[in-house]
Amino acid sequence: MPNRREFLNTLMRGGILAALGLISGSVILRSRDKNACSGGFACSSCGKSQSCSLPAALAARQMVWQLDPSKCIQCGRCATNCVMTPSAVKCTHAYAMCGYCDLCGGYLKPGTKTLDTAAEHQLCPTNALKRKFIEDPFFEYTVEEELCIGCGKCVKGCSAFGNGSLQLQVRHDRCKNCNECSIARNCPSQAFTRVPANKPSLLKSFGKEPLEDAGRKGVRNA
Amino acid sequence: MPAGKESEMRKIKPLPAKALKTPAGKTATTVILTLVSATLSTAAMAVQRFPKPEFESAYTQPQTLVPLPRGEFLAWMDVFVLVVSLSIVTWLVLKKRSRLLVFAMSVFSLAYFGFYREGCVCSIGAIQNVSLALFDNTFALPLSVLLFFILPLVYTAFFGRTFCAAVCPFGALQDLFAFKPQALGSRLNTVLGILPYCYLGLAVLFAATGTDFIICRYDPFVGIFRFNASFGMFIFGGILLLSGVFIARPYCRFLCPYGVLLNWTSRFSRRHITITPKECIQCRLCEHSCPYDAIEIPVTSKSPESRPAMVKKMMLLTILVPFMVLISGYAGSRMQDTLAGADSRVKLAKEVMALSVMQDAGNSIQDDSFEIKAYKTSGKTESQVYSEASAVLKKFYIGGWLFGGFIGLAIALMIGGRMIPVYRTDYVTNKGRCFSCLRCVDYCPVKS
């Protein structure tokens, strides 16, 4: 026969466990809608939450930080606010959108007279953007990841004068996925969002929808 | 362009239109909102100024490569390691009663959760994710984070704070520094013990309003785990660790917001560690063994207070508690503006307002701040910005009442706890404050 103190203890413990159960249940049910199916929020197959089973909904729950280039204003804070040095944000080149211009707004400083690779003509402060002649009049531009610091100067030039194929993206091999992203906190345009880990990139396209990444480094081609 | 290349380029293809949006809103308003935001988001869409070149040479366009994030199964491995280490530590604490093995486990946890996982994900920070998920429907909480929040509490409900003993990397790190712990005295312990309640209240308030995750932002040890602390955080962490030589585990006792939850859960735990496995022989050896002032010494003076005096105290408390809650809640609601000032939406509204005042006065602005530039390109109207900010302010009004009331309740209960007389014959652990580190068990001469 338990005494009164023990009984109250059990009662309180039961209350705490019930509260924890209530919190978990409510959080799981609320999050289910958006992460139903395996496609996370970018799921295109159903659009309905009712038909999704709970186990499937729970499968795609990991979230990572990503930068939405359609909101980015290239303020340059990505380069300085990341906990990583150099930043986990780097320039990504969406080749499919590139015009291969000779007069590249992302590569050359505005007002440059001679279109060449002279250091004083380059926008990139670290010489991370490489220019290679393909055929007249086209040039290929490649971002050397090791050198890129994510300052977004080339991105700004490319969006202002070109097709916008140079875009800032969080490189997930470098990102620590901090619970509170210090770039997200300082981003003036709220371009940083959490996206499902199985759709980790948000490259913009000429349409309303993001580009689907063609290849995933070291893993597989989509 | 060679025909073979075409299929390769197609690999970069736009997703279907509805893919961008979250699944269809249930009400008409959400549909309208979705449409509005869809039209707004097209404002910053890429413009095709130059056509895709028609290459004549055999040039192959490189693929755009995107590195994949950490594999999802690794998140489940973290949960697995958490469960296993919680179970092992609980077994070591309650069955083996071995301080040495608990210490070994704490070194493992420090290595895995601390230096390998770099302090993320952690149960302390998970408070914020859970709070945000409870109040914001658009925030999707990963299940592993929910488990990191729930599991230590469940274990604590049954076995006491074994999580603090050797699973939490913060505790493990500070435990290494507790060389010369000094007793602080019960008064100082109780008063400083209010700090975690304030920290918890603020953290939940800021997380639930979607303002900030302050626990992670002002995390003193994560920078040490990653070897890249900012100067301020390095000093903060360093001070905590160095003061931890004399005041053992200062973060755990006087700051940790998760500790508040663990403390209250542990008070009602089913099987908590006891100093002695059998009967206390009153040898007093354990008296000074606890670095955390969590051992209650016997109060043997058998002079119970008179019934009228007790009734008086009881009546005082029944008035004091609601009074404190109300006063403190009111104070919290008055702090609405100050607290909401930390929110980016409120900050933006203030900047936009200042801008429009300047423009009305006929002054031209030389250089817009990045926030204003972003606001101008986003296509939001001024009134939209203001209504967003006022919605945040409203949340902070309610949140301020709750936050203040919570602090008031914590202080009132602290006072009440000190008013109630206790009688004890043995040395016992304070179930709320005890971290189950087993130092006292080592000192106890009674072995099972």
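As a convention, each chain's residues are numbered from 1 in the sequence order in which they are written. Throughout, the order in which chains and ligands are written sets their labels, letters from A for the former and numbers from 1 for the latter. Since the coordinates come from a predicted model, pLDDT governs what is reported: local features require at least 70, and pairs of side-chain atoms require 80 or more to be given and counted, while whole-chain, interface and lining totals use all residues.

## Looking at the overall build of chain A
Working step 1: Numbering of helices and strands runs from the N terminus; a helix is a DSSP stretch of H or I covering at least four residues, while a strand is a stretch of E covering at least two. If you tally the helices and strands in chain A, you get five helices and eight strands.
Working step 2: What you see in chain A, going N to C, is helices and strands ordered as α-α-β-α-β-β-β-α-β-α-β-β-β.
Working step 3: Taking all 222 residues of chain A together, the buried fraction comes to 49%.
Working step 4: We call two residues in contact whenever the C-beta atoms placed from their backbones are within 7 Å. Considering only intrachain contacts with a sequence separation of at least 6, the fraction spanning at least 24 residues in chain A is 67%. Here exposure depends only on C-beta density: within 10 Å of a residue's C-beta, 20 or more other C-beta atoms make it buried, 12 or fewer make it exposed, and intermediate numbers make it partly exposed, the C-beta atoms being placed from the backbone.

## Remarks on the overall build of chain B
Working step 1: Helix and strand counts for chain B stand at 21 helices and three strands.
Working step 2: The proportion of buried residues among the 448 residues of chain B is 40%.
Working step 3: Put simply, of all contacts in chain B between residues at least 6 apart along the chain, 84% involve residues at least 24 apart.

## Let's talk about the packing of helix H3 (residues 72–96) of chain B against helix H6 (residues 143–159) of chain B
All names here are of chain B.
Working step 1: Helix axes are fitted only over the stretch in contact, all axes being lines through C-alpha atoms; the angle between N-to-C directions runs from 0 to 180 degrees. For the pair H3 and H6, interaxial distance at closest approach is 10 Å and the crossing angle is 10°. Taken together, the axes of H3 and H6 are roughly parallel relative to one another. Residues Ala 75, Trp 76, Asp 78, Val 79, Leu 82, Val 83, Leu 86, Thr 90 and Leu 94 of H3 form the contact with H6, whose participating residues are Ser 144, Leu 147, Phe 148, Leu 151, Pro 152, Tyr 155 and Phe 159.
Working step 2: The residue classification treats Ala, Val, Leu, Ile, Met, Phe, Trp, Tyr, Cys and Pro as nonpolar and Asp, Glu, Lys and Arg as charged. All others, Gly included, are polar. Within the contact of H3 with H6, the residues separate by chemical class into 13 nonpolar, two polar and one charged. Roughly parallel means an angle under 35 degrees; roughly antiparallel, over 145; roughly perpendicular, 65 to 115; everything else is oblique.

## Comments concerning the packing of H6(B) against helix H15 (residues 257–267) of chain B
All names here are of chain B.
Working step 1: Contact pair H6 / H15: the axes reach a minimum separation of 7 Å and the direction vectors enclose 30°. Between H6 and H15, the angle is such that the two are roughly parallel. Where H6 crosses over H15, the two elements pack in a sense that is right-handed. Residues Pro 152, Leu 153, Thr 156 and Ala 157 of H6 touch H15, and the partners they reach there are Leu 261, Leu 262, Thr 265 and Ser 266.
Working step 2: Here the contact of H6 with H15 is built from residues that sort into five nonpolar, three polar and no charged. Handedness of a crossing follows from how the near helix is turned relative to the far one, being left-handed for an anticlockwise turn of less than a right angle and right-handed for a clockwise one.

## Some remarks on the confidence of the model for chain B
All names here are of chain B.
Working step 1: Across chain B, the average pLDDT comes to 86, with 89% of residues at or above 70.
Working step 2: Ignoring residues within four places in sequence, the model shows residues 1–43, a span with pLDDT below 50, making 54 contacts including any to other chains.
Working step 3: Interface confidence in the predicted complex, given as ipTM, is 0.83; pTM for the same model is 0.86. Confidence of the predictor at the level of single residues is captured by pLDDT, which takes values from 0 to 100.

## Some thoughts on unusual backbone geometry
Residue and element names in this part refer to chain A.
Working step 1: With omega at -10°, the peptide bond leading from Thr 85 into Pro 86 counts as cis.
Working step 2: You can see Pro 86 is positioned in the loop between helix H3 (77–81) and strand S2 (89–93).
Working step 3: A cis amide bond links Asp 136 to the next residue, Pro 137, at an omega of 0°.
Working step 4: Positive phi, close to 55°, is recorded for Gln 74, a residue that is not glycine.

## Here's the deal with the domain arrangement of chain B
All names here are of chain B.
Working step 1: The source of the domain bounds is an automatic or database domain assignment. Segmentation of chain B into domains returns domain 1 (72–302 + 428–443) and domain 2 (307–351 + 378–419).
Working step 2: Computed over C-alpha atoms only, the centres of domain 1 and domain 2 are separated by 27 Å.
Working step 3: Taken together, the contact pairs twelve residues of domain 1 with 14 residues of domain 2.
Working step 4: Considering every element that reaches the side of domain 1 that touches domain 2, the biggest residue donor is helix H10 (residues 195–208), with seven residues.
Working step 5: Per-class residue counts for the side of domain 1 that touches domain 2 are seven nonpolar, four polar and one charged.

## Considerations on helix H19 (residues 370–378) of chain B
Residues and elements named next belong to chain B.
Working step 1: Within H19, the full set of buried residues consists of Glu 371, Ala 374 and Tyr 375. Buried positions in H19, seen along its axis, are confined to an arc of 100° and lie on one side of it.
Working step 2: The secondary structure elements touched by the buried residues of H19 are helix H18 (344–360) and helix H20 (382–419). Regarding the arc, it is the one traced by the directions from the helix axis to the C-beta atoms.

## Topic: helix H4 (residues 153–161) of chain A
Residue and element names in this part refer to chain A.
Working step 1: Of all nine residues that make up H4, seven are buried, and the element is covered over most of its length.
Working step 2: Of the positions making up H4, those classed as buried are Lys 153, Cys 154, Val 155, Lys 156, Gly 157, Cys 158 and Ser 159.
Working step 3: Taken together, the buried residues of H4 touch S2, strand S3 (129–135) and strand S5 (166–170).

## Focus on the environment of Tyr386(B)
All names here are of chain B.
Working step 1: Along the chain, Tyr 386 falls in helix H20.
Working step 2: The class of Tyr 386 is partly exposed, set by 15 C-beta atoms lying within 10 Å.
Working step 3: Along the sequence, Tyr 386 and Val 352 sit 34 residues apart, while their C-alpha atoms lie 8.7 Å from each other.

## Some details on the environment of Gln66(A)
Residue and element names in this part refer to chain A.
Working step 1: Mapped onto the elements of the fold, Gln 66 is located in strand S1 (residues 63–67).
Working step 2: With 128 residues separating them along the chain, Gln 66 and Arg 194 place their C-alpha atoms 6.1 Å apart.
Working step 3: Here Gln 66 is in contact with Val 170, Thr 193, Val 195, Pro 200, Ser 201 and Leu 202, once residues within four sequence places are set aside.

## Examining the confidence of the model for chain A
Working step 1: This prediction gives chain A a mean pLDDT of 81; 78% of its residues lie at or above 70.
Working step 2: Under a pLDDT of 50 for its full length, residues 35–52 of chain A has, in the predicted model, 45 contacts with residues more than four places off or in other chains.

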